There are 2 protein chains.
Amino acid sequence: MARLLGILGGMGPLASADFVSKLIAATPARTDQDHVPFLLWSVPQIPDRNLALAGQGPSPVPAMLRGLHALRGAGCDLAVIPCNTAHNWYDELAAEGGLPILHMADAACAGIAAGCVGLIGTKGTITSGLYQQRLAARGIDCLVPDPAEMTELVMPGIYRVKQGDPAGAAPAFAKLANALARRGAGTIILACSEVPPALALLPPESLPPAVDATAALAAACVRWWNEERPG
Amino acid sequence: MARLLGILGGMGPLASADFVSKLIAATPARTDQDHVPFLLWSVPQIPDRNLALAGQGPSPVPAMLRGLHALRGAGCDLAVIPCNTAHNWYDELAAEGGLPILHMADAACAGIAAGCVGLIGTKGTITSGLYQQRLAARGIDCLVPDPAEMTELVMPGIYRVKQGDPAGAAPAFAKLANALARRGAGTIILACSEVPPALALLPPESLPPAVDATAALAAACVRWWNEERPG
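We now turn to the structure provided with this report. (Residues numbered from 1 in each chain as written. Chains lettered and ligands numbered in written order. Predicted model: local features only at pLDDT ≥ 70, side-chain atom pairs only at ≥ 80, totals over all residues. Heavy atoms only, no water.)

Residues and elements named next belong to chain B. The strand order across the open sheet formed by four strands is β5-β4-β6-β7, and the pairing between neighbours is parallel. Single-partner strands in this sheet number two, and they are β5 (141-143) and β7 (210-212). Geometrically, the sheet is characterised by an average inter-axis angle of 30 degrees between neighbouring strands, direction not taken into account. Lying on the sheet, helix α9 (residues 166-182) is in contact with β4 (116-120), β5 and β6 (187-190); it crosses β4 at an angle near 155 degrees. (Pairing = 2+ DSSP bridges. Helix = DSSP H or I, 4+ residues; strand = E, 2+ residues; numbered from the N terminus. Axes fitted to C-alpha atoms, helices over the stretch in contact; angles between N-to-C directions. Contact = heavy atoms within 4.5 Å.)

In this section: the interface of chain A and chain B. A common measure of how large an interface is: the accessible area buried when the components associate. Listed by partner, the interface residues are 35 residues for chain A and 35 residues for chain B. When chain A packs against chain B, the two sides together hide about 2800 Å² of surface, and 60% of this comes from carbon and sulfur. Ranking the residues of chain A by area buried against chain B places D32, Q33 and Q45 of chain A at the top, with a combined share of 21%. The partner of R49 of chain A in a salt bridge is D32 of chain B, and the shortest N-O contact between them spans 2.7 Å. Inspection of the chain A/chain B interface yields 15 residue pairs in polar contact (both at pLDDT 80 or more). Where the side of chain A that touches chain B is concerned, the elements lending two or more residues are α1 (13-25) and β2 (38-42) of chain A. Sort the elements by how many residues they give to the side of chain A that touches chain B and α1 of chain A lands first, with six residues. (Buried area = accessible area lost by both parts, 1.4 Å probe. Salt bridge = Lys/Arg side-chain N within 4 Å of Asp/Glu carboxyl O. Polar contact = N/O pair within 3.5 Å; in protein donor to acceptor, adjacent residues only side chain to side chain.)

Bringing helix α3 (residues 61-73) of chain A into the picture now. With 13 residues, α3 of chain A extends 18 Å between its outermost C-alpha atoms, agreeing within 8% with the 18 Å of an ideal straight helix rising 1.5 Å per residue. Positive phi shows up at G75 of chain A, right after α3 of chain A, with a value of about 110 degrees. (Expected span 1.5 Å × (residues − 1).)

Okay, the nonpolar core next. Counting residues in each nonpolar core, the largest one holds 117 residues, and the members touching the most others are L5 and Y131 of chain A together with L5 and Y131 of chain B. Grouped together as the second largest cluster of nonpolar side chains are 52 residues, L68, L71 and L99 of chain A together with A86 of chain B included. (Core = buried A, V, L, I, M, F, W, Y, C linked by side-chain atoms within 4.5 Å. Buried < 20%, exposed > 50% of the residue type's maximum accessible area, 1.4 Å probe, protein only.)

On to the pattern of salt bridges. Side-chain pairs of opposite charge can arise where the charged atoms are in close proximity. Residue and element names in this part refer to chain B. Going through the model one piece at a time under the given rule, you end up with 20 salt bridges over all chains. Salt-bridge contacts for K22 lead to D212; the nearest nitrogen and oxygen are separated by 2.6 Å. You can see K22 sitting in helix α1 (residues 13-25) and its partner D212 sitting in strand β7, a full 190 residues away along the chain. The shortest N-O distance in the salt bridge between D106 and R134 comes to 2.5 Å. Residue D106 is located in helix α5 (residues 104-109), and its partner R134 is located in helix α7 (residues 130-136); the two are separated by 28 residues in the primary sequence. With a relative accessible area of 43%, D106 lands in the partly exposed category. Accessibility expressed as a relative area gives 21% for R134, which makes it partly exposed.

Time to look at the side chain of K162 of chain B. Looking at where K162 of chain B falls in the secondary structure, it is placed in helix α8 (residues 147-162). Sequence-distant contacts of K162 of chain B, that is, excluding residues within four places in its chain, are made with T31, D32 and H35 of chain A together with M11, G12, R49 and E194 of chain B.

Purely spatial values, then, with no claim about function.
Structure representation (structure tokens):
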């Protein structure tokens, strides 16, 4: 059996599908057989991560561990989680999930060399400091949305994507990206996996330069596959 | 544990991603938790189905059964295979896979009431008669591509999609769809899962009316989920 990538998805389903599309697009392939083999666990009944972090709902960890254990049981030897907010529980998931997990923020920050970046993510991702710590270690400044932007733009946009309406979410995300750019961010990190499929619906010239954490994670998976592949 | 849909994918990877996107789009959902839970086995190292049917390569059945057994082992209680050609081995897969399989041609033909349809599919799908038999049982005539169209339009188009170039494949598929319409087909059945993601890149008004077998299978899965769901 060749190596098998496990994707703990469903957070949300559309974000998982976006990750899979980016994984396929990032793979140099002439035939089906050249593509990265993966197993996608998309069981979106995982309790809401944002509610859990706000103390308003049950922990998603048991459901996420069930997914990781199913992936491991089916033969996966590496996992990724195309949901930034879920990385709040990264240490616990890596310790108890039974297989190594490529960290999404590591993948997203790896390509950023200098300057000031703006961060678009859930309240859970922003307050966790997952991105800020990695960027600070590289001497990179980081701007985050203010509380009003979080409440009025980020969270409503994310829940619209989860409802299957990325087009409806796009203007809010674009407004925020451009506001962060005006405050000095040369690059925006799209650090919530619901954001890229919405912004992809707008003309690129209407947006500042951005790093798509989902695409960065997909590229890291293709590198893993090419490194590990026999021959 | 709620019910879990198993998707035997990877044939090809882009077609599987298209199926997943259509499953999500077809689901009435307000939150992540409203979406159909699924496990996607996308291991595209399954031997080429068209070469096997031409007697030029190994059987894909052992690899497909490994996928079905992995899906069953992880808790799936229904499977779908978003690849029409793979349905050449449907009876064997349903008998030995360990879980019921929704047939893609049943889903695609269910909504066609009358008239003459044109079929776009691989040589394996066309010669299997999977679609023609179902349509004949409903008194529906069926036009298929001629041998030159199969060699010059269908198969090169399909392999271009598998290479990650759906835009490059779209003109060939559109040319064939319009040729079948001129010969009398009122509706075209897109009976190869590589075809819809390519044709989606063209203006709808440049194409005759079509039934997308991938979308029909996705809709059947949403009906299954809504029927089986408690509450």
